[in-house]
Amino acid sequence: MSNNRIGLIGCGNISAIYLKNLTASSDVQVVACADIDVERARSRAQEFGVPKAYTVEELLADPEIDIVVNLTIPASHAEISRRALEAGKHVYLEKPLAVELQDGRDVVELAESKGLRIACAPETFLGGGIQTCRKLIDEGAIGRPIAATGFMMGGGPEAWHPDPVFFYQKGGGPLFDMGPYYLTAFIFLLGGIRRVTASAAISLPERVIGSGSKKGEHIPVETPTHIAGVLDFASGAVGTLITSFDVAAGTNLTNMIEIHGTEGTLRVPDPNTFGGPVKLRKPGGDYEDVSLAFGYDDNMRGIGVIDMARAIAEDRPHRASGRLALHVLETMNGLLQASAEDRHIALEPLAERPAIMPEGGFE
């Protein structure tokens, strides 16, 4: 068993579920929290029994910390990850890997050059739902996969989020916010993507904050809010992915993935969740529920950190790898570039899909 000591940077909303799961694990030990607001770090540390509350600089300088969990805002992901790697620490970070593609490449290459691990959310593909889908595909339940569809369409987060400005800046939008869940699931199930094309639009030039202390303030929109993409997988399958903050009235298609094969269709659960339902349909039949063959069907954010800690101890690849996250980042950048330049964008090949989890959980 591993006993890697963790320092968590970024004590916002998402940190609570990470700390709940990580402090309950016997594989890791959370020893410090840090935030640009040190009082917020102290509050989180006290809430979850973490012994130290630091500034970011103090946490990075602590020689007892082995892994930095980077939960900062997307614009800070690459810089904080770089600083942690330079300090000799492994890194797990929230999605996306970076805003700029070159920054993503740089942090992955830096980790590899130093013999350190870098891993990145989303880790939802390690949950029982998507793992069961991978098992079904690998066993031939739908024959040869030939197509995939994914839809994340709704109104923007300004209706409920108290400070939604970053959602409409570069590195935000529905593609960078929610696209990593769909793309990571696609790649885990079907393998790497060789080229992409897309149409993308800023449908409304500004948004109005609908709640909290900033209610009524206007947000200039700087990044596309409706993206319709086409993905050509190296396997030959063709994917469609639509992400949108422009569907004000909602749609029954949202939070949906389907994988279509020569012998059936697999309905994949919402890739922003860990559990089911998983549904399989054969030609001429109706969708039937498939029991999950794997554990981790609750909100298990932090499981990617635990898998990396175990991988370090067992000297094996970790699943939510930096290379996987870089392929997702290149795909997202490629979709926006394809729309801007009216063409297909070729992507770097992905060496291999992450390994499937052991049935029932870790060995």
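Scroll up to find the structure.
Being a predicted model, the structure only gives us computed values, none of them experimental.

For the coordinates displayed, the defined rule picks out zero disulfides. Cysteine Cys33 remains unbridged, with the sulfur of Cys11 as its closest cysteine sulfur at 4.6 Å. With a relative accessible area of 0%, Cys33 lands in the buried category.

Side chains carrying opposite charge are able to pair once their charged atoms draw close together. Evaluated as defined, the whole model comprises 26 salt bridges. Note that Arg134 and Asp138 form a salt bridge whose closest N and O atoms lie 2.9 Å from each other. Taken together, the residues span about one helical turn, with Arg134 and Asp138 both in helix α6 (residues 128-138) at a distance of four residues. For Arg134, a relative accessible area of 7% translates into the label buried. In this structure, Lys135 and Glu139 form a salt bridge, with 2.8 Å as the shortest nitrogen-oxygen distance. Three or more residues joined by partner-sharing salt bridges are found here, namely Asp307, Glu314, Arg316 and Arg319.

Counting residues in each nonpolar core, the largest one holds 85 residues, and the members touching the most others are Leu97, Ile118, Phe186, Leu189, Leu231, Ile259 and Leu266. Counting residues per element, this core draws most heavily on helix α7 (residues 173-190), at twelve residues. Leave out the neighbours within four places in its chain, and Leu97 touches His77, Ala78, Gly104, Val107, Val108, Ile118, Cys120, Gly322, Ala325, Leu326 and Leu329. Among the nonpolar cores identified, the runner-up in size contains 24 residues, and Ile17, Cys33, Val69 and Met308 belong to it.

A separate point is the sheet that holds strand β11 (residues 226-233). Hydrogen bonding along the main chain pairs the strands of a sheet, whether they run parallel or antiparallel. Pairing in this open sheet of nine strands is mixed, and the strands run β16-β15-β14-β13-β7-β12-β11-β8-β17 from one edge to the other. Lying at the two open borders of the sheet, with one neighbouring strand each, are β16 (288-290) and β17 (345-346). Pairing between β11 and strand β12 (residues 238-244): seven bridges, direction antiparallel. Bridge assignment links Ala228 to a residue of β12, and that residue is Ile242.

Judged by how many residues are buried, β12 sits mostly within the fold: five of seven residues are covered. Across seven bridges, strand β7 (residues 145-153) lies against β12 in parallel orientation. Each bridged residue has a counterpart across the sheet, and for Thr149 the counterpart in β12 is Thr240. In this antiparallel pair of consecutive strands, β11 and β12, the connection spans four residues, and Gly236 shows a positive phi of 105°.

The strand order across the open sheet formed by six strands is β3-β2-β1-β4-β5-β6, and the pairing between neighbours is parallel. Edge strands, defined here as strands with exactly one partner in the open sheet, are β3 (52-54) and β6 (118-120). Neighbour-to-neighbour, the strand axes of the sheet open up by a mean angle of 25°, direction not taken into account. Pairing of strand β5 (residues 90-93) with β6 involves three bridges; the strand directions are parallel.

Here the focus is helix α1 (residues 15-23). Buried within α1 we find Ser15, Ile17, Tyr18, Leu19, Asn21 and Leu22. Those residues of α1 that are buried lie in contact with β1 (4-9), β2 (28-34), α2 (38-48), β4 (67-70), β5 and α8 (303-314).

Our next topic: the packing of helix α5 (residues 101-113) against helix α9 (residues 322-341). Two elements in contact, α5 and α9, have axes whose closest approach is 9 Å; the angle formed by their N-to-C orientations is 170°. Compared by their axis directions, α5 and α9 come out roughly antiparallel. Read as a crossing pair, α5 and α9 show a hand that is left-handed. Note on element contacts: α9 touches α5 through Gly322, Arg323, Leu326, Leu329, Glu330 and Asn333, opposite Leu101, Gly104, Arg105, Val108, Glu109 and Glu112.

What follows concerns the pairing of strand β8 (residues 193-201). Both β8 and β11 contribute to a ladder of eight bridges, which runs antiparallel. Its bridge partner being in β11, Ala201 is matched across the sheet by His226.

Calculation rules
Residues numbered from 1 in each chain as written. Predicted model: local features only at pLDDT ≥ 70, side-chain atom pairs only at ≥ 80, totals over all residues. Heavy atoms only, no water. Disulfide = S-S within 2.5 Å. Buried < 20%, exposed > 50% of the residue type's maximum accessible area, 1.4 Å probe, protein only. Salt bridge = Lys/Arg side-chain N within 4 Å of Asp/Glu carboxyl O. Helix = DSSP H or I, 4+ residues; strand = E, 2+ residues; numbered from the N terminus. Core = buried A, V, L, I, M, F, W, Y, C linked by side-chain atoms within 4.5 Å. Contact = heavy atoms within 4.5 Å. Pairing = 2+ DSSP bridges. Axes fitted to C-alpha atoms, helices over the stretch in contact; angles between N-to-C directions. Parallel < 35°, antiparallel > 145°, perpendicular 65-115°, else oblique. Left-handed = near helix turned anticlockwise from the far one by under 90°.

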